[in-house]
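Take a look at the letters that make up each chain.
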Amino acid sequence: MTESFSRRTLLSPGKAREVAQACRAAEVGVAVFVNPLTEHQRAVLGDIFGCLVISGEDSSPPVGERPHMLTARL
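To keep things clear, this report deals only with the structure shown in the data block. (Residues numbered from 1 in each chain as written. Predicted model: local features only at pLDDT ≥ 70, side-chain atom pairs only at ≥ 80, totals over all residues. Heavy atoms only, no water.)

Turning our eyes to something else, we now look at helix α2 (residues 39-49). For α2, the full list of buried residues reads Q41, R42, V44, L45, G46 and F49. On the buried face of α2, the contacting elements are α1 (13-25), β1 (30-33) and β2 (52-55). Of the residues one or two after α2, G50 is the one with positive phi, at around 80°. (Buried < 20%, exposed > 50% of the residue type's maximum accessible area, 1.4 Å probe, protein only. Helix = DSSP H or I, 4+ residues; strand = E, 2+ residues; numbered from the N terminus. Contact = heavy atoms within 4.5 Å.)

Have a look at this one:
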């Protein structure tokens, strides 16, 4: 990896462009990051990606309240 990640986006500039292109091509409405994001990172990524950006932690109930979940790797 030659480019380091940006604190503004949590991605390298090239990866941010790649994901943005994929989001627009697939007409993605929401991009979900597993990593926690700051409000600023969400705003910047939302502008770049052209969709709503949330952290996985935003969509999960607290640990003690989580139902059994099956996850898949794509």
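Looking now at the packing of α1 against α2. Running from N to C, α1 and α2 cross one another at 60°; their axes reach a closest spacing of 8 Å. By the angle class used here, α1 and α2 are oblique. Note on element contacts: α2 touches α1 through D47, I48 and F49, opposite A16, V19, A20, C23 and R24. In the contact of α1 with α2, the residues fall into six nonpolar, no polar and two charged. (Axes fitted to C-alpha atoms, helices over the stretch in contact; angles between N-to-C directions. Parallel < 35°, antiparallel > 145°, perpendicular 65-115°, else oblique. Nonpolar A, V, L, I, M, F, W, Y, C, P; charged D, E, K, R; others polar.)

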